[in-house]
Every structure is written in structure tokens, then in C-alpha cells.
Amino acid sequence: MLHRLPHRLLLRLAAPFLLLAAAAAQPPAFLVLQTCGPAAWRARLGPTDLGSLLATAEAEALWRPWSEAVAAELLRRDDGAASARQRPRLHDYAGAITVAAWLEQAEDALHAPRWSLTIEAEPDGHTDLALLGDECRGFFARLFATEDKGRRWRDLEFVPPRLIDGRLVAVLAAREDCAAAAQRRAAAAPLAPPTVLRAVVDVPAALGLARDRWQNRDWYRSLLGPATQQFTVELGCAGPRLRLDLGVQFGPGARGLFAGLVPPRPGVPALERLLPPDTVAFSQSHWDPASLWEAALVAEACFEDRDLAEVRARFARWNGMDLAKDLAPLFGDEVLHLWRANAPGTKDHSVFGNLTIAVPLSAGADAVPVLRQVLARNGIRAELGGDSVLRAGFGVFPEFWLAAGHGVAVLGIDSGGRDHVEAVLARAAQEAGAPAQAVAAVPHAPPGWNGRGEFDLGMLLGRHVATARALLRTLLDASLHLPRPDAMARAAERWLPLLQRAGLAKVTTLSGTTGHGWLLRVCW
């Protein structure tokens, strides 16, 4: 009898189901970034120690010229009158802002992945969003230009900000996706004070951007593990301190490399006794070498498209043993990462060139011959010194320096690695037999707290300005015009006394692993 019903009545009856189907068909968002306007940042972070410092006249004299220079760079093509209108309006805006990137179509070995980007600003009760959108059109047009600094946004069009259902919405998408993208809303809870920024990367959706080959998408998935669901970043405050949270969310299944790098072990290691005096930063936590090796084998089998048992047997033949069963148990489950200061006047500005990794030996001297055997099977000559310490150097770019003795195995990287390894060995020999000091509980520790570290900003700014400058250029843009290292060094010298007086010369890191995720909390 349905064929006798009027078509309009059928459409009315079917409309709710069609809407549900359309909602279910919404493509996944592989990135959702939430933040708020400058006025909300000031209100939420102003009460922190850092906010109080920046509000002082002495600090403002230092950061104001930098702020003005950045603003001038962002608005460099606007006329003076437009900039004068735009900046106060932006400065007073306090509404919620959401940036979402959607995976329209995963790469299928025949087509490039198709994605879209939406930027939406919510009303804050006093800002004229339509006027704000008009004033921001020029900035967004430059930001998403079809050709800018050698980059090309392939097959994407930019739709300038416009009001849709009371929201200010801008879209970057393929022509056929623009209309649908403008109507989407990211499924995310609003930012509650004191948080000012949150970014969530959906791992399964993000993997759709990789090529659909086992050497690419499947290999990334095997490294991360099928249990790894999200990466998160959140900025806010913990009491009077600025707080940055970096997290990983897990579901059921294998965790890939994370099973070995951040296992759910209870308790915080007490390895600070191994730190040389000129340590700039350190982090002590747990690891699981057997799980780490197993994850590497799974990734290798996936990359080669071979059976896991075959790959495991091949590596066992090469090494003369199964590393997970015969070598991994010789190491403890605690690990110490440390960075030492550059020598005054050094020209080596590699961040990893100052990294040293130390791991206690659970088997003591019994681990040395086994480790020497593995090195020999891999063509690395190791020498046993009169102090019963095994030492080996290998690699070219970068160089690696390995030593085992005094109850610890130490790995150093690059030209300073040998000196760093010896400094840690000297501390291990000096502290041999000393009882470990328990790590006291601290406020704002994440769930499953089992790791702790510190960064010495005084030493970092004093000797690593060139390193920080190189890192900023890498992270932001190689063509970004940053001040010269000598100018940055002079600025650092002016900031250091202010930071020290405010108790902000050290940054604390706290990490924890639970059955559902891992969180690194940085408190400043």
C-alpha cells in the first residue's frame, strides 16, 4: 500500500531518517583544535606566576617590542586604518574558536587523500562577528593563498569568513566539499577554565592521509599499535603554574612502541644520583625493553610484508640470541634521559647531540659478556677496561657511544657523547651501593604517576640559545625571520633575572601511565 501514499507524505516520514543518515555519513575529523580569543587567554592565564611576571612593567618592556614586531609581520599588507580597527577588536574577543580538519576520502593508491578544514568562531556577547570576519578576510586570504612561499594547496579553495547560524565560519576545502564543510560541527566539549587550548588528533582517521600501502599506512599503524586512538595537547594552568599536557589515549589491543616506551609500571624511579652537575634537563621513567623489541619486529614484518615468526627467527640468527628473551631481562625497567650543557663557545647546536640515556643493569656484571656478544655479532668492537667497564663507539652521523659497568648501561649521542657517558659512569661508581632516595608526592601529578623530570631554563637560555633558535626555525618555518643568535642571547640575559626572581627558572615534568592512556604534564 506504500506506493499509494502521496510522495510529500513519504518524504516527511523519511526526513528524520535521512537526517540521521546524513549525520552518520559525516567524515571523521582527524584534527580538532579548540581555543578562545585573546581576552579569554588573559583572564584564564593571567593569575598564573608567568602571567603575573608578564604584567610587570619590567617584563612588558622586554616582550612588548617582540609582540609589536609579530603583529606587524601578520598585518604587513594591511593599510594602517584597517590595522587600527582590527587589532583592538581581536584583542577584546573572548569567544570560543574551533579548527577542524576532516578526512573526506582516504588515499586509495590511485588518488591523493582529500581533506577539508573549517575555522569557526562563536559569539562572545559583545563582539560584532560580521565586522570581525570582514576585517580578517585579508589575513586569511594570505594564509591560505593558493601559492605562498613555494607551497601549493592542491585542489583546495578558500571560502572567506561568513556568518552561519550565528557562527563566523571559514572553509578550506575542495570545491565539492565547501558547502557541506561549512555546516559541520566538531563533536567536542567546550573548553572549561582554566584551559585555553586543546588539540586532539584522531589516529585512525589521520592514518587515512598516508598512502594505502603496507610500507606506509600499515607500517605506521603497526608502530603506533591498533590500541592507540588519540594524541592530545592541552594548555591551561595547575594552581599558579602554567600547565601543558601531552597525552596518548589507548583502546583495547596492542600499543605498539608505546608498550615499551610508557608501560604502566607503578612508582617513580629515583635515578637523580646519576646526574652530572651540568645537567640541563632530565626525565626519569619506566620502559619495557622486551615489548619495545617486539614492537620493532612487528613493524619490520609489516614493512617487509613477511610473517612475524620468520622475521623474529632471522634477527635471532643475526644476533645469536632472541633479544627479548636473552638480552632484555638483563636491564632494569627504569630509564633516565638527560641533556648536558654545551661547553662555553661550542658550535655544536644539535639538541640530540647532548642526549644521554642511562638504564640500570638488573644482572650487574653478568650483563657485560652478553652485551659484548651482541655487539660483536653486529660488527661493533667493544673493549673491556681495567675498571670492568665495557665501552664501544659506532656510527658516523650521528656517532654513538655505549658503555656498561658500575651497575648501569649508558648511551651517548654525537661528538660530546663519550664525555657525557663517562660523566654518568663516574656518578654511578661514586653512588654504588648508596640507598635510593624515595620520590616525594607532588601536587597536580597525572593519574598513574610514574615519571618525573626537570628543565633548567637558566642553563638552557645561557648556553643553548642557538639550539633553541634552530629548533624554532624547524618547528615554525625555515623562512621565518628570527633575531640573530647574539641578539637572542642578549635578550635571554635580560630575561633570566626576572625568571629567577619569580621562581620560574625551572620547569617540572610529571608523567603517568594507566590502562587507558599516558600523560606528560609540564608545569612552569
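Nothing here was measured: the structure is a model prediction, and the numbers come from that model.

### What to know about the overall build of the protein chain
Here is step 1: When you go through the protein chain residue by residue, the secondary structure sums to 18 helices and 20 strands.
Here is step 2: Within the protein chain, the fraction of its 524 residues that count as buried is 40%.
Here is step 3: In the protein chain, once contacts between residues fewer than 6 apart in sequence are set aside, the share between residues at least 24 apart is 66%.
Here is step 4: Of the roughly 27,800 Å² of accessible surface on the protein chain, a fraction of 61% belongs to carbon and sulfur atoms.

### Considering the environment of Pro497
Here is step 1: Secondary-structure assignment places Pro497 in helix H18 (residues 485-501).
Here is step 2: Once the C-alpha coordinates of Pro497 and Gly458 are considered, the two residues, 39 residues apart in sequence, prove to be 9.1 Å apart.

### Observations regarding the layout of surface pockets
Here is step 1: Roughly 960 Å³ of volume is contained in the second largest pocket.
Here is step 2: Lining the second largest pocket are 28 residues, with Trp287, Leu327, Phe331, Leu371 and Leu411 sitting closest to its centre.
Here is step 3: Elements supplying a minimum of two residues to the lining of the second largest pocket: helix H11 (289-304), helix H12 (308-319), helix H13 (323-327), strand S13 (355-360), helix H14 (367-377), strand S16 (400-405) and strand S17 (408-413).
Here is step 4: In terms of residue count, H11 provides more of the lining of the second largest pocket than any other element does, five residues in total.
Here is step 5: Tallied by class, residues from the lining of the second largest pocket come to 26 nonpolar, two polar and no charged.

### Considerations on H14
Here is step 1: Three or more residues of H14 are buried, namely Ala367, Val368, Leu371, Val374 and Leu375. Summarising the axial view, the buried residues of H14 lie within an arc of 130°, below the 170-degree limit, and thus occupy one face. Residues Pro369 and Ala376 are exposed on H14 and point more than 90 degrees away from its buried face.
Here is step 2: Packed against the buried residues of H14 are H12, H13, strand S14 (383-384), strand S15 (390-394) and S16.
Here is step 3: Gly379, located one to two residues past H14, shows a positive phi value of around 75°.

### Here's the deal with the packing of aromatic side chains
Here is step 1: Counting across every chain of the model gives eight aromatic pairs.
Here is step 2: Geometrically, the ring pair formed by Trp219 and Phe303 is edge-to-face, given 6.1 Å between the ring centres and 65° between the ring planes. Of the two residues, Trp219 sits in helix H9 (residues 214-224) while Phe303 sits in helix H11, which places them 84 residues apart along the sequence.
Here is step 3: A residue is classified by how much of its surface remains accessible, and Trp219, at 27% relative accessible area, is partly exposed.
Here is step 4: Among the residues examined, Phe303 registers a relative accessible area of 41% and is labelled partly exposed.
Here is step 5: For the ring pair Phe394 and Phe400, a centre distance of 5.6 Å and an interplane angle of 15° mean the geometry is stacked.
Here is step 6: Three or more aromatic residues link up through ring pairs in this structure, and these residues are Trp219, Tyr220 and Phe303.
Here is step 7: Here Arg184 stacks its cationic end above the ring of Trp102, 5.3 Å away from the centre of that ring.

### Description of empty space enclosed by the protein
Here is step 1: In total, this model carries one cavity of 30 Å³ or more according to the counting rule given.
Here is step 2: Within this model, the largest cavity holds a volume of roughly 30 Å³.
Here is step 3: Lining the largest cavity are Trp293, Leu297, Arg312, Phe315, Ala316, Asn319, Met321, Asp322 and Leu323.
Here is step 4: At four residues, H12 tops the list of elements feeding residues into the lining of the largest cavity.

### Examining the pairing of strand S8 (residues 197-202)
Here is step 1: By the bridge criterion, five bridges tie strand S1 (residues 29-36) to S8 in an arrangement that is antiparallel. Within S8, the position partnered with Val32 by the bridge is Val200.
Here is step 2: The pairing of S8 with strand S9 (residues 228-238) spans six bridges and is classified as antiparallel. Looking across to S9, one finds that Val200 is bridged to Thr232.

### Let's talk about the pattern of salt bridges
Here is step 1: This model, assessed by the stated rule, comprises 29 salt bridges.
Here is step 2: Across the pair Arg211 and Glu107 runs a salt bridge, and its minimum N-O distance is 3.9 Å. Taken together, the positions of Arg211 in the loop between helix H8 (203-206) and H9 and Glu107 in the loop between strand S2 (96-105) and strand S3 (114-121) put the pair 104 residues apart, joining distant regions of the chain.
Here is step 3: The class for Arg211 is partly exposed, based on a relative accessible area of 41%.
Here is step 4: Three or more residues are tied together by salt bridges with common partners; here these are Arg198, Glu234, Arg243, Asp245 and Arg521.

### Description of a nonpolar patch on the surface
Here is step 1: A contiguous nonpolar surface patch, about 180 Å² in accessible area, is contributed by Val233, Leu244 and Leu246.
Here is step 2: With respect to the secondary-structure elements, Leu244 resides in strand S10 (residues 241-250).

### Some thoughts on the packing of H9 against H11
When two helices pack together, their arrangement is captured by the angle between the axes and the distance separating the axes.
Here is step 1: Remark: H9 packs on H11, axes separated minimally by 8 Å, with the N-to-C direction vectors making an angle of 165°. By the angle between their directions, the pair H9 and H11 is classed as roughly antiparallel. Remark: the crossing between H9 and H11 carries right-handed chirality. On H11, the residues touching Trp214, Gln215, Asp218, Trp219, Ser222 and Leu223 of H9 are Val298, Ala299, Cys302, Phe303 and Glu304.

### Concerning the packing of H11 against H12
Here is step 1: Their axes nearest at 9 Å, the elements H11 and H12 cross at an angle of 115°. The handedness of the crossing between H11 and H12 comes out as right-handed. Taking contact as the criterion, the partners of Trp293, Glu294, Leu297, Val298, Glu300, Ala301 and Glu304 in H11 are, on H12, Leu308, Val311, Arg312, Arg314, Phe315 and Asn319.
Here is step 2: Here the residues of the contact of H11 with H12 are counted per class, giving seven nonpolar, one polar and five charged.

What counts as what
Think of each chain on its own: its residues are numbered from 1, step by step along the sequence as written. Totals for whole chains, interfaces and linings use every residue, but because this is a predicted model, local features are given only for residues with pLDDT of at least 70 and side-chain atom pairs only at 80 or more, for both listing and counting. Side-chain numbers come from the whole structure's heavy atoms, not from hydrogens or water. The helix count covers DSSP runs of H or I at least four residues long, the strand count covers runs of E at least two residues long, and both are numbered beginning at the N terminus. Throughout, exposure labels follow a simple rule: accessible area from a 1.4 Å probe, protein chains only, divided by the maximum for the residue type, with under 20% read as buried, over 50% as exposed, and the rest as partly exposed. A contact between two residues is defined here by any heavy atoms of the two lying within 4.5 Å. Under the convention used here, a 1.4 Å probe and the Shrake-Rupley method define accessible areas, while residue burial counts only the protein chains that appear. We place a 1 Å grid over just the protein atoms. Points where a 1.4 Å probe fits but has no way out form a cavity, open points with protein on both sides within 12 Å along at least 5 of 7 lines form a pocket, and any residue with an atom within 4 Å of a point lines it. Grid points are joined across faces, edges and corners, and a volume is the space filled by probe spheres set on the points. Residues are grouped as follows: nonpolar covers Ala, Val, Leu, Ile, Met, Phe, Trp, Tyr, Cys and Pro; charged covers Asp, Glu, Lys and Arg; every other residue, Gly included, is treated as polar. Taking the helix axis as origin, the arc is that swept by the directions to the C-beta atoms. A pair of aromatic rings is counted whenever rings of Phe, Tyr or Trp (Trp by its six-membered ring) have centres within 6.5 Å, and the orientation is called stacked for planes under 30 degrees apart, edge-to-face for over 60 and tilted otherwise. For a ring to carry a charge above it, either NZ of a lysine or CZ of an arginine must fall within 6 Å of the ring centroid while also lying within 35 degrees of the normal to the ring plane. The rule for pairing is simple: two strands pair if DSSP sees at least two bridges between them. In the sections that follow, a salt bridge refers to a side-chain nitrogen of Lys or Arg positioned within 4 Å of a carboxyl oxygen of Asp or Glu. Each patch is assembled from residues with relative accessible area greater than 30% and no salt bridge, linking like charges that lie within 9 Å and nonpolar side chains (Val, Leu, Ile, Met, Phe, Trp, Tyr) that lie within 5 Å. All axes here are fitted lines through C-alpha atoms, helices being fitted over the stretch that makes contact, and every angle between N-to-C directions spans 0 to 180 degrees. Should an angle fall under 35 degrees it is called roughly parallel, over 145 degrees roughly antiparallel, and 65 to 115 degrees roughly perpendicular, with every other angle called oblique. Handedness of a helix crossing follows the sense of rotation of the near helix relative to the far helix, less than a right angle counterclockwise being left-handed and clockwise being right-handed.

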